Amino acid sequence: VLFSWGFLGMEKVVACPYKRPNALCRLICFPWAGGGTSHLAQWGKLFSSSIEVSSVRLPGRESRLKEPFAKDMTTVVNEITSVLLEELQEKPFAFFGHSFGSYICFAVALHLKEKYGLEPIHLFVSGAHAPNSEALLPIKSTPACDTDDEEILTYIQISGGTPSELLQNEDFKKYLIRTIREDLRVLQTFSFEKAERNIPFSCDITCFNGSEDKPHDLEAWHDLTSGDISFYKLPGGHFYLLEPSNEIFLTKHITRCIENAGL
């Protein structure tokens with residue numbers, strides 16, 4: 001019974017359309033605010049057989065549409081950890097997060113390290129500030145309930161990533177605005193204070209960004225790991241990663257980093 005519960009939890013929280021039981025490493029992807037698993041889970045077909053790709057699914061979307069949205073980052077982190085823990089103890093893993101997903105993957109990685117002594121072999125973050133950066137403060141200081149629908153809609157239109165014909169559909173538009181608002185609420189409950197002289201990670205970290213996106217404060221990542229840090233700018237805006245040519249660069253680069261980790 002336990003097994004089937006674990007399996008159901010896994011299927012609910014993690015999408016892995018291209019299962020590779022013999023892969024050397026798992027790449028777990030964390031989507032952007034308002035995002036589901038449909039895009040990043042499909043990366044599975046772009047990677048070689050040595051890497052199994054899955055994408056995390058938060059409540060309130062896709063097959064979890066009927067579930068209430070998560071209330072805070074701790075709930076999100078605990079759910080993801082409890083579902084993935086056994087798998088992550090079994091073989092090496094790496095995390096990729098874009099935008100809001102970068103903060104979740106950081107929070108999950110931190111929890112795994114502090115509580116279980118587990119660490120990703122590589123952390124790939126995209127389109128986000130370092131979690132210890134002051135640039136995050138303005139985002140966290142405006143309560144989500146004070147952000148009106150128009151502001152969120154403007155953000156959706158400016159950042160791109162959502163086909164305009166979908167935004168013509170009133171129901172979809174309402175749903176997307178609500179999901180982003182709820183994700184923003186989760187982000188606002190995320191707090192990370194770096195303790196003096198305490199470097200949380202030892203893994204390498206790679207930061208990707210779109211060249212046309214608003215600049216992100218990435219320097220502060222240097223304080224978070226004793227491993228190497230590298231930065232890449234790819235052509236495009238906030239959703240540069242949806243461009244097929246960038247996708248090819250990302251998958252090749254991620255593969256190279258994972259294979260060089262000497263598994």
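Residues numbered from 1 in each chain as written. Predicted model: local features only at pLDDT ≥ 70, side-chain atom pairs only at ≥ 80, totals over all residues. Heavy atoms only, no water.

Trainee: So, the packing of helix α2 (residues 73-90) against helix α3 (residues 100-116): which residues are in play, and what are the values?
Mentor: The geometry of α2 relative to α3 is characterised by a closest axis approach of 9 Å and an angle of 60 degrees between their N-to-C directions. As α2 runs across α3, the sense of the crossing is right-handed. Only Tyr103, Ile104, Ala107, Val108, His111, Leu112 and Tyr116 of α3 make contact with α2, whose side of the interface consists of Met73, Val76, Val77, Asn78, Ile80, Thr81, Leu85 and Leu88. For the contact of α2 with α3, the residue count by class is 12 nonpolar, three polar and no charged. (Axes fitted to C-alpha atoms, helices over the stretch in contact; angles between N-to-C directions. Helix = DSSP H or I, 4+ residues; strand = E, 2+ residues; numbered from the N terminus. Left-handed = near helix turned anticlockwise from the far one by under 90°. Contact = heavy atoms within 4.5 Å. Nonpolar A, V, L, I, M, F, W, Y, C, P; charged D, E, K, R; others polar.)

Trainee: Describe the packing of aromatic side chains, with residues and values.
Mentor: Pairs of aromatic rings are described using the distance from one ring centre to the other and the angle between the two planes. This model, assessed by the stated rule, comprises 14 aromatic pairs. For the ring pair Phe30 and Phe95, a centre distance of 5.0 Å and an interplane angle of 70 degrees mean the geometry is edge-to-face. With Phe30 in strand β2 (residues 25-30) and Phe95 in strand β4 (residues 93-98), the pair connects residues that are 65 residues apart, well separated along the chain. Each member of the pair, Phe30 as well as Phe95, is classed as buried. (Phe/Tyr/Trp six-rings, centres within 6.5 Å; stacked < 30°, edge-to-face > 60°. Buried < 20%, exposed > 50% of the residue type's maximum accessible area, 1.4 Å probe, protein only.)

Trainee: Outline α3, supporting the account with residue identities and numerical values.
Mentor: End to end, α3 covers 24 Å across 17 residues, agreeing with the expected 24 Å (1.5 Å per residue, within 8%). The buried count for α3 comes to 13 of 17 residues, which makes it a mostly enclosed element. The positive-phi residue at the C-terminal boundary of α3 is Gly117, with phi of around 65 degrees. (Expected span 1.5 Å × (residues − 1).)

Trainee: Provide a residue-level description of the nonpolar core, including the pertinent values.
Mentor: Formed by 48 residues in total, the largest nonpolar core has its most connected members in Phe30, Ile80, Phe95, Ile104, Leu123, Phe190 and Trp221. Secondary-structure elements contributing two or more residues to this core are α1 (2-13), β2, α2, β4, α3, β5 (122-126), α7 (170-188) and β6 (204-210). The dominant element in this core, judged by the number of residues it contributes, is α3, at 10 residues. Setting aside anything within four residues of it in sequence, one finds Phe190 in contact with Met73, Tyr103, Phe106, Ala107, Pro131, Leu136 and Lys140. Of all hydrophobic cores here, the second largest spans 21 residues; its members include Cys29, Phe96, Phe124 and Tyr240. (Core = buried A, V, L, I, M, F, W, Y, C linked by side-chain atoms within 4.5 Å.)

Trainee: Go over the pattern of salt bridges with me, naming the residues and quoting the values.
Mentor: Counted under the stated rule, the structure contains 12 salt bridges. Across the pair Arg26 and Glu87 runs a salt bridge whose closest N-O atoms are separated by 3.1 Å. Placement of Arg26 in strand β2 and of Glu87 in helix α2 is noted, with a sequence separation of 61 residues between them. You can call Arg26 buried: its relative accessible area is 6%. Residue Glu87 is classed as partly exposed on the basis of its relative accessible area of 24%. Among the salt bridges present, the one from Glu182 reaches Arg185, with a minimum N-O distance of 3.3 Å. One end of the pair is Glu182 and the other is Arg185, both in helix α7 and three residues apart, which spans about a single turn. Judged by its relative accessible area of 29%, Arg185 falls in the partly exposed class. (Salt bridge = Lys/Arg side-chain N within 4 Å of Asp/Glu carboxyl O.)

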